[in-house]
Amino acid sequence: MPVMHAFDPPERFVVGTVGEPGARTFFLQAREGARVVSVALEKQQVTVLAERLDELLDEVMKSAPAVVPAIAPYDLDDNGPLEQPIEEEFRAGTMTLAWDPDEDMVVLEVFPISEVEVIAEVDESGRLVDEETEIELEEAEPDEVLLVRIAPRNARAFVKRAEAVLGAGRPNCPFCGSPIDPEGHLCVRANGFKRRDPV
């Protein structure tokens, strides 16, 4: 049985970063009393999670407008730093999002990155017995799971903060869209030439 880090609901559930723009580490962090769980994840995972969570809330809002707020309530704004010390429980792999209609709650499960075990029949020399045989892939059972259940208003606040955290990184080049480092930026679209306005 995996270790279940369950928060139903947490007192605080946020995304935050550690480090300078361009070298930031992203964390999901849930707190209930003195218990804090921090899970590391990639910037792209934060982007997708925020987008999918917003879409899920919009879908639910169509059928139950009284339950889901259209925007994040101001009283739930959370711009504070992550809880210290930050101790990474695991690095996020697969994440699942669901809506619990009985409790009117968003359910998020975060699983660690897992290794895939390849199962194939081999002979004594290590060669495949039958090269036509399909190789089975078997994903290992996760050791830990982060389970968070939050109300829709808290989910909107989570999305708002996630968008702010994502926007606080390096600015993007207006021409090529790549991040601009503090040391400078070599724009591939400029191709070594100065851009001029068309005549």
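Before any of the text, the structure's been laid out above.
Everything numeric in this text was worked out from a predicted model, so none of it was measured. (Residues numbered from 1 in each chain as written. Predicted model: local features only at pLDDT ≥ 70, side-chain atom pairs only at ≥ 80, totals over all residues. Heavy atoms only, no water.)

**Here's the deal with the pattern of salt bridges**
Then, number 1: What the rule picks out here adds up to 16 salt bridges.
Then, number 2: Here Arg 12 makes a salt bridge to Asp 78, at a shortest N to O gap of 2.6 Å. Linking Arg 12 in strand β2 (residues 12–18) with Asp 78 in the loop between α1 (43–63) and β5 (88–100), this pair joins segments that are 66 residues apart in sequence.
Then, number 3: Looking at Arg 12, the relative accessible area reads 9%, which means it is buried.
Then, number 4: Here Asp 100 ties to Arg 149 by a salt bridge, and the two come within 2.8 Å at their closest N and O atoms. In this pair, Asp 100 is assigned in strand β5 and Arg 149 in strand β9 (residues 144–150), connecting sequence segments 49 residues apart. (Salt bridge = Lys/Arg side-chain N within 4 Å of Asp/Glu carboxyl O. Helix = DSSP H or I, 4+ residues; strand = E, 2+ residues; numbered from the N terminus. Buried < 20%, exposed > 50% of the residue type's maximum accessible area, 1.4 Å probe, protein only.)

**A word on the sheet that holds strand β3 (residues 25–32)**
Then, number 1: Sheet architecture is open: seven strands sit in the order β1-β9-β6-β5-β4-β3-β2, paired in mixed fashion. The sheet is open, and its two borders are formed by β1 (3–7) and β2, each paired with just one other strand. Across the sheet, the mean angle from the axis of one strand to that of its neighbour is 30 degrees, orientation sign disregarded.
Then, number 2: Of the strand pairs in this sheet, β1 and β9 are connected by five bridges, and their pairing is parallel. Of the residues in β9, the one forming a bridge with Met 4 is Val 145.
Then, number 3: Most of the contacts of α1 go to β5, to which it runs at about 15 degrees, and overall it touches β2, β3, β4 (35–41), β5 and β6 (105–112). (Pairing = 2+ DSSP bridges. Axes fitted to C-alpha atoms, helices over the stretch in contact; angles between N-to-C directions. Contact = heavy atoms within 4.5 Å.)

**Let's talk about the pairing of β3**
Then, number 1: As judged from the seven bridges shared by β2 and β3, these two strands associate in the antiparallel manner. What sits directly across from Gly 16, in β3, is Phe 27.
Then, number 2: Between β2 and β3, which pair antiparallel one after the other, the connecting turn spans six residues, and Gly 19 there sits at a positive phi close to 110 degrees.
Then, number 3: In this sheet, β4 lies alongside β3 in antiparallel orientation, the contact comprising seven bridges. The partner of Leu 28 across the bridge, within β4, is Val 39.
Then, number 4: Following β3, the chain reverses through two residues before pairing antiparallel with β4; Gly 33 in that reversal takes a positive phi of roughly 65 degrees.

Distances and angles like these do not, on their own, reveal function.
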